[in-house]
Amino acid sequence: MHTAHSQATSTALPVVSISELNKSYFTRRGDVEALRSIEISIHPGEFVSFVGPSGCGKSTLLKIIAGLEDYQSGKVEVFGDPPKPGRRDVGIMLQSPVLLPWRTVLSNVVLPVEIMRGDLRAAKERAREIIDLVGLSKFTDKYGWELSGGMQQRVSLARLLLLDPDIMLLDEPFSALDEFNREKLTLELSSLHTRFQRTAVYVTHSIAEAVLLSDRVVVLKPHPGEVLEVVAIDLPRPRTAETLQSVEAFELVRRIRAMLFSHDEGIAQ
Ligand code: ADP
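Residues numbered from 1 in each chain as written. Predicted model: local features only at pLDDT ≥ 70, side-chain atom pairs only at ≥ 80, totals over all residues. Heavy atoms only, no water.

Colleague: I tried to follow the overall build of the protein chain on my own but got confused; where do I start?
Modeller: Looking only at helices and strands, the protein chain features eight helices and nine strands. By the compact-globule yardstick of 18 Å for 269 residues, the protein chain fits well, its C-alpha radius of gyration being 18 Å. Counting over 269 residues, the protein chain shows a buried share of 48%. Carbon and sulfur atoms make up 52% of the accessible area of the protein chain, which totals about 13100 Å². Distance between charge centroids for the protein chain: 5 Å, based on 31 positive and 35 negative side chains. (Helix = DSSP H or I, 4+ residues; strand = E, 2+ residues; numbered from the N terminus. Rg over C-alpha atoms; globule rule 2.2 N^0.38 Å. Buried < 20%, exposed > 50% of the residue type's maximum accessible area, 1.4 Å probe, protein only. Areas by Shrake-Rupley, 256 points an atom, 1.4 Å probe, with all protein chains shown as cover. Lys, Arg positive; Asp, Glu negative; His and termini not counted. Charge placed at Lys NZ, Arg CZ, Asp CG, Glu CD.)

So, in structure tokens, the structure goes:
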């Protein structure tokens, strides 16, 4: 278990550091400047969200950190090295859960351990605890095809927690959920973060979600994707359903919304 604290200080060495990052896609239909001059350092245990409308380069940035996408110029380092895919200390959760429908919840959660030929017995034991943590203990032996969208996303989160990476990359992980389940799972993620103290890089178009979860929110605008501002979220932890009702949270959401609307690309909320 790691000891880094979520209220990371700037004295700790960053786990992810990005400077002067530029990324374009070159397609037959023209070039797209996805990211321009991105600068950000993320510290151990910190929860950092990237927020902005569709097309502002959030997913591209996450894929670059995961080593799944290249870039033209600038410097990106993950634990001091250039990003590369398949690192054991970096885990990613994408918008659509990738579950095998013919496997049970338990065997879906331990699948990566099986693939990596890890200790399956120990993994199963730990997986049961984590399945309980994400509220799925009654469904441990249900098959993938029997699960609702919300449950599938919980399984996906459990799988990430079992791997227990130092850095969790989350790309709109709850986007397929209805509002009620989305809020519930967001709060659960926040409490898991407080408990496990991992570094989290989260991508969302929901300002409220970003405020609720984060230590800092990086506000991006599209075309090209550029940082408008990095907003410190100094709301007390643990964060609860009431946190978002507070005057301070409301003011932060209002400020970020105003920043984005002043750039007038529209925000899909
Ligand atoms: P977001 O996650 O904020 O919606 P993306 O990172 O998906 O933004 O995309 C940023 C920009 O790059 C968009 O204009 C998008 O159309 C473009 N883009 C993303 N992926 C590709 C790709 N594989 N090929 C060409 N353009 C892409």
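Colleague: Would you mind going over the site of the ligand with me for this structure?
Modeller: Surveying the vicinity of the ligand reveals the residues Tyr-25, Thr-27, Val-32, Ala-34, Pro-53, Ser-54, Gly-55, Cys-56, Gly-57, Lys-58, Ser-59 and Thr-60. At 3.1 Å, a backbone N or O of Cys-56 approaches an oxygen atom of the ligand. Here an oxygen atom of the ligand sits 2.5 Å away from a polar atom, N or O, in the side chain of Thr-60. (Near = heavy atom within 4 Å. Polar contact = N/O pair within 3.5 Å; in protein donor to acceptor, adjacent residues only side chain to side chain.)

Colleague: Looking at this structure, I do not really get unusual backbone geometry. What am I missing?
Modeller: Glycine aside, residues mostly have negative phi angles, and peptide bonds mostly take the trans form. His-223 connects to Pro-224 through a cis peptide bond whose omega is -5 degrees. As for its position among the elements, Pro-224 is in the loop between strand E8 (216–221) and strand E9 (226–232). The omega angle of the peptide bond from Arg-237 to Pro-238 is 0 degrees, so this bond is cis rather than trans. With respect to the secondary-structure elements, Pro-238 resides in the loop between E9 and helix H8 (247–261). The backbone of Ser-37 sits at a positive phi, close to 50 degrees, despite the residue not being glycine. A residue is classified by how much of its surface remains accessible, and Ser-37, at 32% relative accessible area, is partly exposed. Positive phi is not limited to glycine here, since Arg-117 has a value of about 55 degrees. According to the relative accessible area criterion, Arg-117 is exposed, its value standing at 77%.

Colleague: How should I be thinking about the environment of Pro-44 in this particular structure?
Modeller: Looking at the element boundaries, Pro-44 is found in the loop between strand E2 (30–42) and strand E3 (47–51). A residue is classified by how much of its surface remains accessible, and Pro-44, at 21% relative accessible area, is partly exposed. It is 23 Å that separates the C-alpha atoms of Pro-44 and Leu-133, two residues lying 89 residues apart in sequence.

Colleague: So what exactly am I meant to see when it comes to the environment of Pro-83 here?
Modeller: Turning to its location among the elements, Pro-83 is positioned in the loop between strand E4 (73–78) and strand E5 (90–93). The exposure class of Pro-83 is buried, given its relative accessible area of 18%. Sequence separation between Pro-83 and Ile-64 is 19 residues; the distance between their C-alpha atoms is 7.1 Å. Ignoring any residue separated from it by four or fewer positions in sequence, one finds Pro-83 in contact with Ile-64, Ile-65, Gly-67, Tyr-71, Val-76 and Val-78. (Contact = heavy atoms within 4.5 Å.)

Colleague: Explain the packing of aromatic side chains here, please?
Modeller: The geometry of an aromatic ring pair is captured by the separation of the ring centres together with the interplanar angle, meaning the angle of the planes. Enumeration according to the criterion identifies one aromatic pair in this entry. On the numbers, 5.7 Å between centres and 50 degrees between planes, the contact of Phe-47 with Tyr-202 is tilted. Note that Phe-47 is positioned in strand E3 and Tyr-202 in strand E7 (residues 199–204), a separation of 155 residues in sequence. No difference in accessibility class separates Phe-47 from Tyr-202, as the two residues are buried. (Phe/Tyr/Trp six-rings, centres within 6.5 Å; stacked < 30°, edge-to-face > 60°.)

Colleague: Explanation requested: empty space enclosed by the protein in the structure shown.
Modeller: One simple way to see leftover space: roll a probe sized like a water molecule over the atoms. Considering all chains together, one arrives at two cavities of 30 Å³ or more under this definition. Estimates place the volume of the largest cavity at around 80 Å³. Lining the largest cavity are Phe-47, Leu-161, Met-168, Leu-189, Leu-192, His-193, Phe-196, Arg-198 and Ala-200. Top contributing element to the lining of the largest cavity by residue count: helix H6 (residues 179–196), with four residues. Tallied by class, residues from the lining of the largest cavity come to seven nonpolar, one polar and one charged. (1 Å grid on protein atoms, 1.4 Å probe; cavity = no way out; pocket = protein on both sides within 12 Å on 5 of 7 lines; lining within 4 Å. Points joined across faces, edges and corners; volume = space filled by probe spheres on them. Nonpolar A, V, L, I, M, F, W, Y, C, P; charged D, E, K, R; others polar.)

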